[in-house]
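# Examination of the molecular architecture
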Amino acid sequence: MPTSSASTTDTAKSNGGGVQSLERAFDLLERMADAGGEVGLSELSASSGLPLPTIHRLMRTLVACGYVRQQSNRRYALGPRLIRLGESASRLLGTWARPYLARLVEETGETANMALLDGDEIVYVAQVPSKHSMRMFTEVGRRVLPHSTGVGKALLASFPPEEVRALLSRTGMPAATEKTITTPDGFLAALEDVRRTGYAVDDNEQEVGVRCLAVSVPDSPTAAAISISGPAGRVTEAATEKIIPVLQQVAHELSEALATQNQT
């Protein structure tokens, strides 16, 4: 008995040898995340190019598995089961990063961190502390707003200005110190500096007396940045010139390591 075209589509292999329906389901989840976590079927159809019946079938499966939930307004939102997957992946990413952060500490003498952009917030997923008696400490799992952090600037520098403005309008820009940037125009100007120089600076903006230098991890499977932080008296302009090349090299090596993990 011949199978229908719909069932053939869902079980067909993709050009890369994978299962097409799985690839499509994950693509829809990514598109939902890019749209802020909640979308309608027509929006997904327009952005993905898939027909509505196919999207409806995939979404029904994702809802049944708990990865998507249907709202009372008939729109679809990312489901709670994704939280567990995300937390586990973040911990594993932090584990992979620790040897690279340890090298940063050895070469710079300052505390090294890794952070991700999770929704509208920055979350720290790994840290290796400095060996100095006076050192910075950020609890792994801590969440902060991006506008007052070096890692936040490094991560948002690649975003279109309108997306950055939309994020800032959702989070607000409260001042953590007198030096915190508190206007969208000021923050966008800081992001332009990041693009020009290749690194971001938090100069007493999150905590008085602390400077942080950060770079993004290129081609990371999720938006990630690494940084060093220390007392402003040690992380001086002169020290910055020596630290930035090390930060950029370690970010490049970490990027290569993560790409290798993705292929295995």
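One structure accompanies this document, and this report is about it. (Residues numbered from 1 in each chain as written. Predicted model: local features only at pLDDT ≥ 70, side-chain atom pairs only at ≥ 80, totals over all residues. Heavy atoms only, no water.)

This part is about the overall build of the chain. Scanning the chain from N- to C-terminus turns up nine helices and nine strands. Sorting the 264 residues of the chain into buried and exposed places 42% on the buried side. Here the analysis covers contacts within the chain between residues at least 6 apart in sequence; of these, 55% occur between residues at least 24 apart. (Helix = DSSP H or I, 4+ residues; strand = E, 2+ residues; numbered from the N terminus. Buried < 20%, exposed > 50% of the residue type's maximum accessible area, 1.4 Å probe, protein only. Contact = heavy atoms within 4.5 Å.)

Read across the open sheet, the six strands follow the order E6-E5-E4-E9-E8-E7; overall the sheet is antiparallel. If you trace the sheet from one side to the other, it starts and ends with strand E6 (143–144) and strand E7 (200–203), each paired once. Sheet analysis places E7 next to strand E8 (residues 210–216), joined by four bridges and oriented antiparallel. Its bridge partner being in E8, Asp 203 is matched across the sheet by Arg 211. (Pairing = 2+ DSSP bridges.)

All right, on to the pairing of E8 then. Side-chain positions along a regular strand alternate between the two faces of the sheet. Burial of E8 is extensive: six of the seven residues sit out of reach of the surface. Hairpin connection from E7 to E8: six residues lie between these consecutive antiparallel strands, with Asn 204 at a positive phi of about 65 degrees.

As a packed pair, helix H3 (residues 41–48) and helix H4 (residues 52–65) sit with axes 9 Å apart at the nearest point and diverge in direction by 115 degrees. Relative to H4, the crossing made by H3 is right-handed. Along the contact surface, H3 presents Leu 41, Ser 42, Leu 44, Ser 45 and Ser 48, while H4 presents Leu 52, Ile 55, His 56 and Met 59. (Axes fitted to C-alpha atoms, helices over the stretch in contact; angles between N-to-C directions. Left-handed = near helix turned anticlockwise from the far one by under 90°.)

For H3, the complete set of buried residues consists of Leu 41, Leu 44, Ser 45 and Ser 48. In an axial view of H3, the angular spread of the buried residues amounts to 100 degrees, which keeps them on one side of the axis. With respect to the buried face of H3, the exposed residues turned more than 90 degrees away are Ser 42 and Ala 46. Looking at the packing, one finds that the buried side of H3 touches helix H2 (20–34), strand E1 (38–39), H4 and strand E3 (76–78). Among the residues trailing H3, Gly 49 stands out with phi positive, at a value near 80 degrees. (Arc of directions from axis to C-beta.)

With that out of the way, let us pick up the environment of Arg 24. Within the fold, Arg 24 resides in helix H2. A relative accessible area of 19% means that Arg 24 is categorised as buried. Spatially, the C-alpha atoms of Arg 24 and Leu 58 are 8.0 Å apart, while their sequence positions differ by 34 residues.

The next point concerns the sheet that holds strand E2 (residues 68–70). On the basis of which strands lie adjacent, the open sheet formed by three strands has the order E1-E3-E2 and antiparallel pairing. Bordering the open sheet on either side are E1 and E2, each of which pairs with just one other strand. Relative to E3, E2 runs antiparallel, the two sharing three bridges. The partner of Arg 69 across the bridge, within E3, is Ala 77. With respect to the sheet, H4 is in contact with E2 and E3, its orientation differing from that of E2 by roughly 105 degrees.

A word on the environment of Ser 158. With respect to the helices and strands, Ser 158 occurs in the loop between helix H6 (150–156) and helix H7 (161–171). Given a relative accessible area of 64%, Ser 158 falls into the exposed group. For the pair Ser 158 and Arg 195, spaced 37 residues apart in sequence, the C-alpha to C-alpha distance is 7.9 Å.

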